[in-house]
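# Chains, contacts and geometry: an overview
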Amino acid sequence: MGILRNSVIGIPVLVVALFLVRVVLFKTGLIYTVKQWRMKIVDWFHVYQFYRVPEFNDNLQENQLYRRVHAYLNSLSSIENSDYTNLFAGRKSNEIILRLDRNQVIGDEFLGARVCWINGEDEDGSRSFVLKIRKADKRRILGSYLNHIHTVSEELEQRNKEPKLFMNVAGNEEKIGRWRSIPFTHPCTFDNIAMEADLKDKVKSDLESFLKGKQFYNRLGRVWKRSYLLYGPSGTGKSSFVAAMASFLNYDVYDIDLSKVEDDSDLKMILLQTTCRSVIVIEDLDRFLSVKSTALSVSGVLNFTDGILSSCAADERIMVFTMTSKEQIDPAVLRPGRVDVHIHFPLCDFTAFKALASSYLGLKEHKLFPQVEGIFRDGASLSPAEIGELMIANRNSPSRALKSVINALQTDGDRRGTPASTRRLFHERASSEDYEGDTSGPLCGGGSSPAVKEFKKLYGLLRLKSNRKSQSFNLTRELRNGS
Ligand SMILES: Nc1ncnc2c1ncn2[C@@H]1O[C@H](COP(=O)(O)OP(=O)(O)OP(=O)(O)O)[C@@H](O)[C@H]1O
Ligand SMILES: [Mg+2]
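Report on the accompanying structure. Just so it is clear, the model here is predicted, and its values are computed rather than measured. (Residues numbered from 1 in each chain as written. Chains lettered and ligands numbered in written order. Predicted model: local features only at pLDDT ≥ 70, side-chain atom pairs only at ≥ 80, totals over all residues. Heavy atoms only, no water.)

What follows covers the overall build of the protein chain. In terms of regular secondary structure, the protein chain is built from 19 helices and 13 strands. For the protein chain, with 483 residues in total, the buried portion stands at 42%. Put simply, the protein chain shows about 26,600 Å² of open surface, and 54% of that area lies on carbon and sulfur atoms. (Helix = DSSP H or I, 4+ residues; strand = E, 2+ residues; numbered from the N terminus. Buried < 20%, exposed > 50% of the residue type's maximum accessible area, 1.4 Å probe, protein only. Areas by Shrake-Rupley, 256 points an atom, 1.4 Å probe, with all protein chains shown as cover.)

Written as structure tokens, this is what we have:
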């Protein structure tokens, strides 16, 4: 009887007590501590094996496995259970992305086995992931687990790739590698670049066939890369075109600042730290070639594009060089195979002007168009950048925009677009001051028209001296397949 009474009272008391313990455990986070202890006790009864995945290999090239593990781990839902995670804004509004912080641990399960990863960072800044796996599970799952990581990360990469713009830092600023990156969000695409439609299509199909060409390049024993030279006066869209290429391919961009490169071997090191599926850009190569005060040689720059070195680095990449004019460049430097495709970026002609008017002002036709066409026919021209800026400044009034373009063409654009031969004749008759002196030109000098003054005041645009020398009205646009 007493036992019965005791149990009638005791069981509910016990249930309530257990309930309260549970509430306390969950509310205070003690449950987490208990779980940790339990895991530590279990750990004592197992032998573990550790695998380190460093960010860079011994040659300072990026370890592709590190990148894959990074993508994979950051996609795991268990990242939320990690003690410390970083929060970043995603690409979509309201999207928050979680990223494992350094020296944090994240657990994972595969084929019934539990593993964990440590996101390690040493004091010298070198990073690695360390996989902790039970010896008993290692033989059973390790191979297929790494394959699984590979597959998942590839899928994630395809789905979420956010192209990045990498910039090299000087050797003495180096802490972790020579590249620093930011998201690459340049809005320029092939659609908004004013250039011959035919040429644009040729470049696009060249890039597309490059993308599909892995087996072709392998069969020929060639490195899977393609190089382009973009040349033309300042403000004709070369840099914008590089951005359009990168967004067409969805590749990262590595913008090499040669002034931060010490010598040839430094350049090799930097290039070896680039990854595959990237556009490597060297801007204003002609300017660099004209400055001899650097320990970096032309062959140092170009050897990478055709030398054995490129086969050591990651493949599937595009090299792009830009320059104002290739007239002064030794043809051997730009020979086929080294630079596969040459694209000329000329000053504006009437067709390009119409494309700009359409995208900047929404104009397909206008009563001032015939006058503009006439001015272009007489040989005047400006760069698309100059015309674009005038259009932007007057975008609320298309007529005013066209008038200011006409004004600038008449005052500024005189003979800028005349054929080279005509210009040479003119040059022989004119004094060298007239020709060379940019400071006497209406855009950059004292005798400016009101339109040009307005233009200068607004944008402070300076035209490079060399621009005038390199313009040719006969737009010899060539898309040369040199390989
Ligand atoms: N062909 C073009 N179509 C549309 N916009 C253009 C074109 N060319 C230039 N622009 C505009 O002019 C600006 C300057 O262009 P960009 O920097 O690409 O010229 P660039 O040839 O690289 O000049 P630089 O040689 O001085 O570096 C950009 O804002 C771009 O939008
Ligand atoms: Mg540029």
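More follows now that the structure is in view.
Relative to the 21 Å expected for 15 residues at 1.5 Å per residue, helix H5 (residues 197-211) spans 21 Å between its end C-alpha atoms, a close match to the ideal helical length. The set of residues buried in H5 consists of Leu-199, Lys-200, Val-203, Asp-206, Leu-207 and Phe-210. Down the axis of H5, the buried set is contained in an arc of 125°. They therefore lie on one face. In the core, the buried residues of H5 are packed alongside helix H6 (214-219), strand E9 (225-231), helix H7 (238-249), strand E12 (317-323) and strand E13 (341-344). (Expected span 1.5 Å × (residues − 1). Arc of directions from axis to C-beta. Contact = heavy atoms within 4.5 Å.)

We now examine the side chain of Lys-200. Mapped onto the fold, Lys-200 is located in helix H5. Notably, Lys-200 is buried but unbridged: the nearest opposite-charge side chain belongs to Asp-191, and the N-O separation is 5.8 Å. Of note is the side chain of Lys-200, whose polar atom sits 2.7 Å from the backbone oxygen of Ile-193. Beyond its immediate chain neighbours, meaning those up to four positions away, Lys-200 contacts Phe-190, Asp-191, Ile-193 and Met-195. (Lys, Arg positive; Asp, Glu negative; His and termini not counted. Salt bridge = Lys/Arg side-chain N within 4 Å of Asp/Glu carboxyl O. Polar contact = N/O pair within 3.5 Å; in protein donor to acceptor, adjacent residues only side chain to side chain.)

Attention now moves to the sheet that holds E12. Within a sheet, neighbouring strands are paired by backbone hydrogen bonds and run either parallel or antiparallel to one another. The strand order across the open sheet formed by 7 strands is E8-E7-E10-E11-E12-E9-E13, and the pairing between neighbours is mixed. Looking at which strands have only one partner, the edges of the open sheet turn out to be strand E8 (179-183) and E13. Taken over all neighbouring pairs, the strand axes of this sheet differ in orientation by 20° on average, direction set aside. Direction of pairing for strand E10 (residues 252-255) relative to strand E11 (residues 278-282): parallel, over a ladder of 4 bridges. When the sheet's bridge partners are listed, Val-253 is paired in E11 with Val-279. (Pairing = 2+ DSSP bridges. Axes fitted to C-alpha atoms, helices over the stretch in contact; angles between N-to-C directions.)

A few words now on the nonpolar core. Ranked by internal contacts, the top residues of the largest apolar core, which has 30 residues, are Tyr-228, Phe-241, Val-279, Ile-318 and Ile-343. Of all the elements in the fold, those that place two or more residues in this core are H5, E9, H7, E11, E12 and E13. The biggest single contributor to this core is H7, with 7 residues. Contacts of Phe-241, omitting those with residues within four sequence positions, involve Phe-190, Ile-193, Met-195, Val-203, Leu-230, Ile-343 and Phe-345. Trp-179, Tyr-231, Ile-256 and Val-301 belong to the second largest nonpolar core, which has 26 residues in total. (Core = buried A, V, L, I, M, F, W, Y, C linked by side-chain atoms within 4.5 Å.)

The next subject is the pattern of salt bridges. Per the counting criterion, the structure on display carries 9 salt bridges. A salt bridge links Glu-121 to Arg-102; the shortest N-O distance between them is 3.5 Å. Separated by 19 residues along the polypeptide, Glu-121 in strand E5 (residues 113-121) and Arg-102 in the loop between strand E3 (96-100) and strand E4 (105-110) bring together distant segments of the chain. Because the salt bridges share partners, they merge into one network encompassing Arg-67, Glu-157, Arg-277 and Glu-316.

A separate point is the site of ligand 1. Around ligand 1, a shell composed of 15 residues is seen, among which Ala-194, Ser-234, Lys-238, Ser-239 and Ser-240 lie nearest. Put simply, the parts of the chain that give the shell around ligand 1 at least two residues each are H7, helix H12 (350-361) and helix H14 (384-393). For the shell around ligand 1, the element with the highest residue contribution is H7, accounting for 3 residues. Class assignment of the residues belonging to the shell around ligand 1 gives a composition of 7 nonpolar, 7 polar and 1 charged. Three or more residues apiece are contributed to the shell around ligand 1 by two domains, here domain 2 (167-344) and domain 3 (350-470). (Near = heavy atom within 4 Å. Nonpolar A, V, L, I, M, F, W, Y, C, P; charged D, E, K, R; others polar. Domains from an automatic or database assignment.)

What follows is about the packing of aromatic side chains. For the structure shown, the criterion picks out 18 aromatic pairs. Residues Trp-179 and Tyr-254 carry aromatic rings whose centres are separated by 4.9 Å and whose planes lie at 80° to one another, so their mutual orientation is edge-to-face. Taken together, the residues Trp-179 in strand E8 and Tyr-254 in strand E10 connect sequence positions 75 residues apart. Note on accessibility: Trp-179 and Tyr-254 belong to one class, buried. An aromatic cluster is built from Tyr-66, Tyr-72, Phe-110, Trp-117, Phe-129 and Tyr-145, whose rings are joined through pairwise contacts. A cation sits over an aromatic face here: Lys-132 above Tyr-48, 4.6 Å from the ring centre. (Phe/Tyr/Trp six-rings, centres within 6.5 Å; stacked < 30°, edge-to-face > 60°. Lys NZ or Arg CZ within 6 Å of the ring centre and 35° of its normal.)

Moving on, we get to the sheet that holds strand E1 (residues 48-54). Read from one edge to the other, the open sheet built from 4 strands follows the order E1-E6-E5-E4, with strand pairing classed as antiparallel. Two strands bound the open sheet, and with one partner strand each, they are E1 and E4. Geometrically, the sheet is characterised by an average inter-axis angle of 25° between neighbouring strands, direction not taken into account. Bridging between E5 and strand E6 (residues 127-134) involves 7 bridges; their strand directions are antiparallel. Across the sheet, residue Cys-116 finds its bridge partner in E6, namely Lys-132. The strands that helix H3 (residues 64-75) touches are E1, E4, E5 and E6; relative to E6, the one it contacts most, it runs at about 70°.

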